[in-house]
Amino acid sequence: LSHVGVAREVGALTASKLRIEKHALPAEAGSPVAQVTSVTIDAPSLCPHYVARVIRGVKIGPSPAWMVKRLESVGLRSVNNVVDVTNYVMFELGQPLHAFDFDKLAGRRIVVREARKGEKIISIDGKERELSPGMLVIADGEKPAAVAGVMGGLHSEVTPGTTNVLLESARFDPLSIRKTARALAMKSDSSYRFERGIDPTLPERASLRAAQLILETAGGELLAGAAVAGQSGYAPKNLTLRLPRLKRLLGIDVPPGDVVAALERLQLAPKLSGDAVTVAVPSWRLDLNIEVDLIEEVARVIGYDKVPVRDKVSIRLTPPEPWQRSMELIRETLVAAGY
């Protein structure tokens, strides 16, 4: 659900070389961020990784014309330069982000926790919502400042008077976000992505990309380092595809070279050994977990039109067994008698 993701797909389906721009790292000019804020995760099962950066002295205003044009092209309304950057990076890389007015966070810190019974929050759409235990919130030292992965709170949003920004980039449990978004009737572009799972290596990279764009469009200085809690938890995963199994499922012979070529186009680094292909699953392919997933990938790259479909399907009918007829008669008799 990002432009980079679409580029990967277009590159694979057209056998084109993928070129992803390497962005400049933001210049850190301020004191260490750990001196001004901290992040605590009290619900690690719902939020395994949280990265916060602080940019001081920003000037909130309109975004550059090029950014406004690109956001409008995907149906987004321009808000201001800082908020627009978070949306821009989300559509570019697939990592939802959120910007808080740092000075409005009580205690100048972040606590990721479950909501407490009776807690309420006024979201940025102006509606008050009552939270319940089990819902994940991003809180400051006193109260919820955002519904994690879904929508920010009104009291801590970036406004024309904001000068210091805390930039959030995190990963949340998909099921938790889905349940919360539906329970509160709060669907958003962020929840749409978190519900489907995001690349576990993205939070840090997206945070740096957004910080650089904020410096370019809103000025200010980026404090050194990041306040980080948890970790990505990413571990490389290998899968094996057996060529005889592929033939059994697809019903066609696919030359080993074509199988390897299809998987290479998907950046899976395939290695052929005998009648099996081993691949390294990239961090952004959370949907590849078992052998049949790889078979489906090969099928869609070489083209579903290459898989023959019969014009007719034959079905062999067998008469019901005596015990089945007896059970049906008993059922009908009991129902007719009012049971």
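For the structure itself, consult the block above.
The following refers to the structure shown. In this convention, every chain numbers its residues from 1, walking through the sequence in written order. Confidence filtering applies because this is a predicted model: local features only for residues at pLDDT of at least 70, side-chain atom pairs given and counted only at 80 or more, and all residues used for totals across whole chains, interfaces and linings. Hydrogens and water molecules were not included; the side-chain quantities draw on all heavy atoms of the structure.

**Concerning the packing of helix α3 (residues 81-93) against helix α6 (residues 202-218)**
Then comes step 1: To obtain an axis, a line is fitted to C-alpha atoms, over the contacting stretch when the element is a helix, and the angle between two such axes runs from 0 to 180 degrees between their N-to-C directions. Helix numbers and strand numbers start at the N terminus; a helix is a DSSP run of H or I with at least 4 residues, a strand a run of E with at least 2. Packing of α3 against α6 brings their axes to within 9 Å, and their N-to-C directions diverge by 140°. Taken together, α3 and α6 sit at an angle that is classed as oblique. In this structure, the crossing between α3 and α6 has a hand that is right-handed. From α3, Asn81, Val82, Val85, Tyr88, Val89, Glu92 and Leu93 reach across to α6, where they touch Leu202, Arg205, Ala206, Arg209, Ala210, Leu213, Ile214, Thr217 and Ala218.
Then comes step 2: A per-class count over the contact of α3 with α6 returns eleven nonpolar, two polar and three charged. Just so you know how the angles are binned, under 35 degrees is roughly parallel, over 145 roughly antiparallel, 65 to 115 roughly perpendicular, and the rest oblique. If you view the pair so one helix is near and one far, a crossing is left-handed when the near helix is turned anticlockwise from the far one by less than a right angle, and right-handed when it is turned clockwise. In this analysis, two residues are considered to be in contact whenever any of their non-hydrogen atoms come within 4.5 Å of each other. Ten residue types, Ala, Val, Leu, Ile, Met, Phe, Trp, Tyr, Cys and Pro, are classed as nonpolar, four, Asp, Glu, Lys and Arg, as charged, and the remainder, Gly among them, as polar.

**Considering α3**
Then comes step 1: Helices are assigned an expected span. That span is 1.5 Å times one less than the residue count. With 13 residues, α3 extends 18 Å from end C-alpha to end C-alpha; this agrees with the ideal 18 Å at 1.5 Å per step.
Then comes step 2: Taken together, the buried residues of α3 touch α1 (3-14), α2 (65-73), β4 (97-101), β11 (165-171), α5 (189-194) and α6.
Then comes step 3: Counted as a polar contact is a pair of N or O atoms within 3.5 Å, where, for protein atoms, one must be capable of donating a hydrogen and the other of accepting one, and residues adjacent in sequence contribute only when both atoms are in side chains. The residue sitting at the N-terminus of α3 and contributing the capping side-chain oxygen is Asn80; that oxygen lies 3.2 Å from the backbone nitrogen of Val82.
Then comes step 4: Gly94 sits one or two residues past α3 and shows a positive phi near 95°.

**Comments concerning the sheet that holds strand β5 (residues 110-114)**
To summarise the sheet geometry, strands pair through backbone hydrogen bonds and adopt either a parallel or an antiparallel arrangement.
Then comes step 1: Two strands make a pair as long as DSSP finds a minimum of two bridges between them. With respect to topology, five strands assemble into an open sheet ordered β2-β5-β8-β9-β10, the strand pairing being mixed. Each of the sheet's edge strands pairs with one partner strand only, and the pair in question is β2 (39-41) and β10 (151-152).
Then comes step 2: Inspection of the sheet shows strand β8 (residues 136-139) paired to strand β9 (residues 144-147) by three bridges, in the antiparallel sense. Paired with Val137 across the two strands is Val147, which belongs to β9.

**Things to note about helix α8 (residues 256-265)**
Then comes step 1: A simple rule labels every residue: compare its accessible area, found with a 1.4 Å probe on the protein chains alone, to the largest value its type can have, and call it buried under 20%, exposed over 50%, or partly exposed in between. Buried within α8 are the following residues: Val259, Val260, Ala262 and Leu263. Seen end-on, α8 carries its buried residues on one side only, within an arc spanning 160°.
Then comes step 2: The inward-facing, buried residues of α8 abut β14 (237-242), α7 (243-250), β15 (271-273), β16 (276-281) and α9 (291-302).
Then comes step 3: Following α8 by one or two positions, Gln267 adopts a phi angle in the positive range, close to 60°. Our arc is simply the arc of the directions from the helix axis toward the C-beta atoms.

**Overview of the nonpolar core**
Then comes step 1: Counting residues in hydrophobic clusters, the biggest one holds 39 residues, and the most contacted among them are Tyr50, Phe100, Ile110, Ile138, Leu166 and Phe172.
Then comes step 2: Elements with a minimum of two residues in this core: β2, β3 (49-56), β5, β8, β9, β11, α4 (174-183) and β13 (227-230).
Then comes step 3: When neighbours within four sequence positions are excluded, Phe172 is seen to be in contact with Leu46, Cys47, Leu136, Ile138, Ala148, Gly149, Ile177 and Phe194.
Then comes step 4: Throughout this description, the term nonpolar core refers to a set of buried Ala, Val, Leu, Ile, Met, Phe, Trp, Tyr and Cys residues connected via side-chain atoms within 4.5 Å. Within the second largest apolar cluster, 28 residues are counted, among which are Met67, Ala210, Leu215 and Ala218.

**Here's the deal with the packing of aromatic side chains**
Then comes step 1: Stacked, edge-to-face and tilted are the three classes for Phe, Tyr and Trp ring pairs, Trp counted by its six-membered ring, which pair at centre distances within 6.5 Å; planes under 30 degrees apart are stacked, over 60 edge-to-face, the rest tilted. The full count for this structure, using the stated rule, is two aromatic pairs.
Then comes step 2: Where Trp66 meets Tyr88, the ring centres are 5.6 Å apart and the plane angle is 90°; that geometry is what we call edge-to-face. Taken together, the residues span a long stretch of sequence, with Trp66 in helix α2 and Tyr88 in helix α3 at a distance of 22 residues.
Then comes step 3: For a lysine, the NZ atom is tested; for an arginine, the CZ atom; a charge sits over a ring if that atom is within 6 Å of the ring centre and within 35 degrees of the ring normal. Residue placement shows Arg8 over the ring face of Trp284; its charged tip is 3.7 Å from the ring centre.
Then comes step 4: When the ring centre of Phe91 is taken as reference, the NZ or CZ atom of Arg193 above it lies at 4.7 Å.

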